[in-house]
Amino acid sequence: MGSTVHLINPSSVSFGVAVITPRWLYVLAAATGTRWGDPNIVDETLESIDPAVIASGDVVGIGIHTGNARRGYEIGRLARERGAWVVYGGIHATLFPDEAHEFGSAHAVVRGDGDQIWPEVVADCFAGQPSRTYEGGRLAADRFLPARWDLLPTGRYMWASVQTVRGCPKHCSFCSVWRTDGQEPRQRGVDPVVREIVELRRLGFRFIALADDNFYPVTFDDLAAARRRSDPSRLHELEAMRQDRFNLMAQLAQLPDDLVFYTQITMEAAEDPEFLDAMRRARIRGALVGVEAVTAAGLKDVYKGFNLAGDELVARLKAFRKHGVHVLGSFIFGLPSDRQDTFDATVALAEQADLTFAQFVLLTPFPGTVDFDRWSSEEGRSSTLIDGVPITRYWMIPEETRPKLFTPHPTLSLEEIRVRTQGAWDRFYSWRHLWERSRVVESLRSRIAFVLVSKLYRQMYANTGIATDSARVARSARWARWMGMAARRLFLAPPMPDLAMPGPADAVEEPTWA
Ligand code: SF4
């Protein structure tokens, strides 16, 4: 039997089902090609890997981000012991290639986009001569690969994921996207995106996440700034990019009307009713919006001055809802300007602004961000050890002893921040509030689905991420597993194997500019 390529998404918690398909697995499966047979795809958010499937001479590709790097290294060590070639990729490996060699028994590390370079890496491994590092770089959008959706297991994922744009022009201090994916948005053509979506609907997916860094890459401010330049080329470029967004949405609007899309977007899109209307017609029914903080001081803490605070913030968030786009508001707790009353005020604002979902995350200095650079270079930081691991490499600390917060707060204890954050989740997702919010959908079945999915979301992200008590984490994972099984069926639709591709992308109305 020939050697196999394995592609592994590590996770130390498995839920049996997952909400969103990890797209990278299926893109790299496409990049692998068929020369070595179809790759073996393992998503540990579904089930842990069975080491026996890895044989000597196989190639094991492991994609890591900071949250799953430690588990990824465990798998890498195990795979190397079994005689396989071990290769790491993903944002964390891009930032810390030497760490993957030192702790993860890597033969090779791929930095940057893997879409094009991956077949070369696999060929080198099978030839017994992998390089230590490969530079995948930042590919132009027309070189992104569509995913191999034919390899998806049936009935395990509720949402599929398709990427339409990589990169974000902003520079939020807690986010690494603009530094790793770049500030120049790389927007895919309409046709390859629509082809992937049609393929997914043929398979029976009706919920599709547009897994973009920022679905609104050109704002009115960007256009105004470009207009002030004497050279009009930048303005033309931005106008073309904006037009392409409208072309994409017009194409989505032609697809079967049971499709539902969800994306990530900056709050500035609320300034643009024409864009929001196009989103509604395209059935982009939900968007994650990084609200982060509800006060001007909090926004300054994270370099997000382009967001609004107070009543203006409520009005902006409501604008999405008015145009039929439900918002998942994302908030950060633990900012220096937070006070005891910030937690309640944030939940109250989330409710006042008609947010359909909310997430409350703890301020974490993620590698690759401005916050991390500042935090890790503070005096004495790298000499602080926990279980013998410098705190500046906190992702290597075992999960049971890993702190949940890393920066001392001027007025609140870290435990108080953690407990109050948990309280914010508990309040926003209480049965009573959920049932009231479920009025956003009509039928009883849909209301039950809404409540189930909300509870599932809370179990997966709040209890397993913020709780320090391992029994609570295990209990939550079991609950999430059970609810996931129940909720999964509500997301699937009968396959449409004969669904045709829609007409040409340019046959849409010209939008007017502000
Ligand atoms: S948080 Fe969002 S808006 Fe800010 S840089 Fe990251 S992707 Fe862009």
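Rules of the game
- Residues numbered from 1 in each chain as written.
- Predicted model: local features only at pLDDT ≥ 70, side-chain atom pairs only at ≥ 80, totals over all residues.
- Heavy atoms only, no water.
- Pairing = 2+ DSSP bridges.
- Helix = DSSP H or I, 4+ residues; strand = E, 2+ residues; numbered from the N terminus.
- Axes fitted to C-alpha atoms, helices over the stretch in contact; angles between N-to-C directions.
- Contact = heavy atoms within 4.5 Å.
- Salt bridge = Lys/Arg side-chain N within 4 Å of Asp/Glu carboxyl O.
- Buried < 20%, exposed > 50% of the residue type's maximum accessible area, 1.4 Å probe, protein only.
- pLDDT = per-residue confidence, 0-100.
- Core = buried A, V, L, I, M, F, W, Y, C linked by side-chain atoms within 4.5 Å.
- Patch = residues over 30% accessible without salt bridge, like charges linked within 9 Å, V, L, I, M, F, W, Y side chains within 5 Å.
- Areas by Shrake-Rupley, 256 points an atom, 1.4 Å probe, with all protein chains shown as cover.
- 1 Å grid on protein atoms, 1.4 Å probe; cavity = no way out; pocket = protein on both sides within 12 Å on 5 of 7 lines; lining within 4 Å.
- Points joined across faces, edges and corners; volume = space filled by probe spheres on them.
- Nonpolar A, V, L, I, M, F, W, Y, C, P; charged D, E, K, R; others polar.
- Polar contact = N/O pair within 3.5 Å; in protein donor to acceptor, adjacent residues only side chain to side chain.
- Expected span 1.5 Å × (residues − 1).
- Arc of directions from axis to C-beta.

### Some remarks on the sheet that holds strand E8 (residues 157–162)
The sheet built from seven strands is open, its strands ordered E2-E8-E11-E12-E13-E14-E15 with parallel pairing. Edge strands, defined here as strands with exactly one partner in the open sheet, are strand E2 (18–20) and strand E15 (357–362). Each strand of the sheet is rotated relative to its neighbour by a mean of 25°, with strand direction disregarded. Across four bridges, strand E11 (residues 207–210) lies against strand E12 (residues 260–265) in parallel orientation. Bridge pairing in E12 links Phe207 to Val260. Here helix H13 (residues 342–352) sits on the sheet in contact with strand E14 (326–333) and E15, set at roughly 170° to E14.

### Here we look at the pattern of salt bridges
Evaluated as defined, the whole model comprises 28 salt bridges. Between Arg166 and Asp113 there is a salt bridge; the shortest N-O distance is 3.0 Å. One end of the pair, Arg166, is in strand E9 (residues 165–166); the other, Asp113, is in the loop between strand E6 (108–112) and helix H5 (118–126), and 53 residues separate them in sequence. Comparing Arg166 with Asp113 shows no difference in burial state: the two are buried. Ionic pairing is found between Arg188 and Glu196, a salt bridge with its closest N-O pair at 2.8 Å. Glu196 shares its class with Arg188; the two are buried. Each member of the salt-bridge network shares a partner with another, and the members are Asp113, Asp115, Arg166 and Arg186.

### Side note on the confidence of the model for the protein chain
Of all residues in the protein chain, 92% attain a pLDDT of 70 or more, and the chain-wide mean is 89. Low confidence marks residues 505–514, where pLDDT is under 50. Its contacts with residues over four positions away, or in another chain, come to 20 contacts.

### Observations regarding the nonpolar core
Trp118, Ile197, Ile265, Leu317 and Phe320 are the most contacted members of the largest nonpolar core, which has 103 residues in total. Excluding residues within four positions of it along the chain, Ile265 makes contact with Asn214, Phe215, Tyr216, Phe275, Met279, Ala287, Leu288, Val289, Gly290 and Phe320.

### Remarks on a nonpolar patch on the surface
The grouping of Trp435, Leu444 and Ile448 at the surface amounts to a nonpolar patch, some 300 Å² of accessible area in total. Looking at the element boundaries, Leu444 is found in helix H17 (residues 444–466). You can call Leu444 exposed: its relative accessible area is 57%.

### Looking at the layout of surface pockets
Estimates place the volume of the second largest pocket at around 310 Å³. If you trace the second largest pocket, you find 19 residues lining it, with Pro336, Leu363, Asp371, Arg374 and Thr407 closest to the centre. At three residues, helix H14 (residues 370–376) tops the list of elements feeding residues into the lining of the second largest pocket. The residue inventory of the lining of the second largest pocket, partitioned by class, reads nine nonpolar, five polar and five charged.

### Considerations on the side chain of His92
Relative to the helices and strands, His92 resides in helix H3 (residues 91–95). Overall, the relative accessible area of 0% leaves His92 in the buried class. Among the polar contacts listed, one links the side chain of His92 to the side chain of Thr66, at a separation of 3.0 Å. At a separation of 3.1 Å, a polar atom in the side chain of His92 contacts the side chain of Trp395.

### Brief notes about helix H2 (residues 69–81)
Its 13 residues give H2 an end-to-end C-alpha distance of 18 Å, which sits within 8% of 18 Å, the value for a rise of 1.5 Å per residue. Along H2, the residues that are buried comprise Ala69, Gly72, Tyr73, Ile75, Gly76 and Ala79. Summarising the axial view, the buried residues of H2 lie within an arc of 160°, below the 170-degree limit, and thus occupy one face. On its buried face, H2 sits against strand E1 (5–9), strand E4 (59–63), strand E5 (85–89), H3 and helix H4 (97–104). Phi turns positive one or two residues past the end of H2, at Gly83, with a value near 90°.

### Observations concerning the sheet that holds E1
Pairing in this open sheet of six strands is parallel, and the strands run E3-E1-E4-E5-E6-E7 from one edge to the other. Either end of the sheet is taken by a strand with one partner, and the two such strands are strand E3 (40–43) and strand E7 (133–137). Between one strand axis and the next, the sheet turns through 20° on average, direction left out of account. Across two bridges, the pairing between E5 and E6 is parallel. Each bridged residue has a counterpart across the sheet, and for Val87 the counterpart in E6 is Ala108. Across the sheet, H2 lies against E1, E4 and E5, angled at about 160° from E5, the strand it touches most.

### What to know about the pairing of E11
Neither face of E11 is open: one carries Phe207 and Ala209, the other Ile208 and Leu210, and all of them are buried. As judged from the three bridges shared by E8 and E11, these two strands associate in the parallel manner. By the bridge assignment for E11, Ala160 is matched with Ile208.

### Points about the environment of Glu102
Position of Glu102 relative to the elements: it lies in helix H4. Residues Glu102 and Tyr73 lie 29 residues apart in sequence; the distance between their C-alpha atoms is 9.3 Å.

### Describing unusual backbone geometry
With phi around 65°, Arg283 is a residue other than glycine that occupies positive phi space. Tracing the chain through its elements places Arg283 in the loop between helix H10 (273–281) and strand E13 (284–292). Positive phi is not limited to glycine here, since Glu292 has a value of about 65°.

### Overview of the side chain of Thr342
The residue Thr342 is located in helix H13 in this model. Separated by 2.7 Å, the side chain of Thr342 and the backbone nitrogen of Arg339 make a polar contact.

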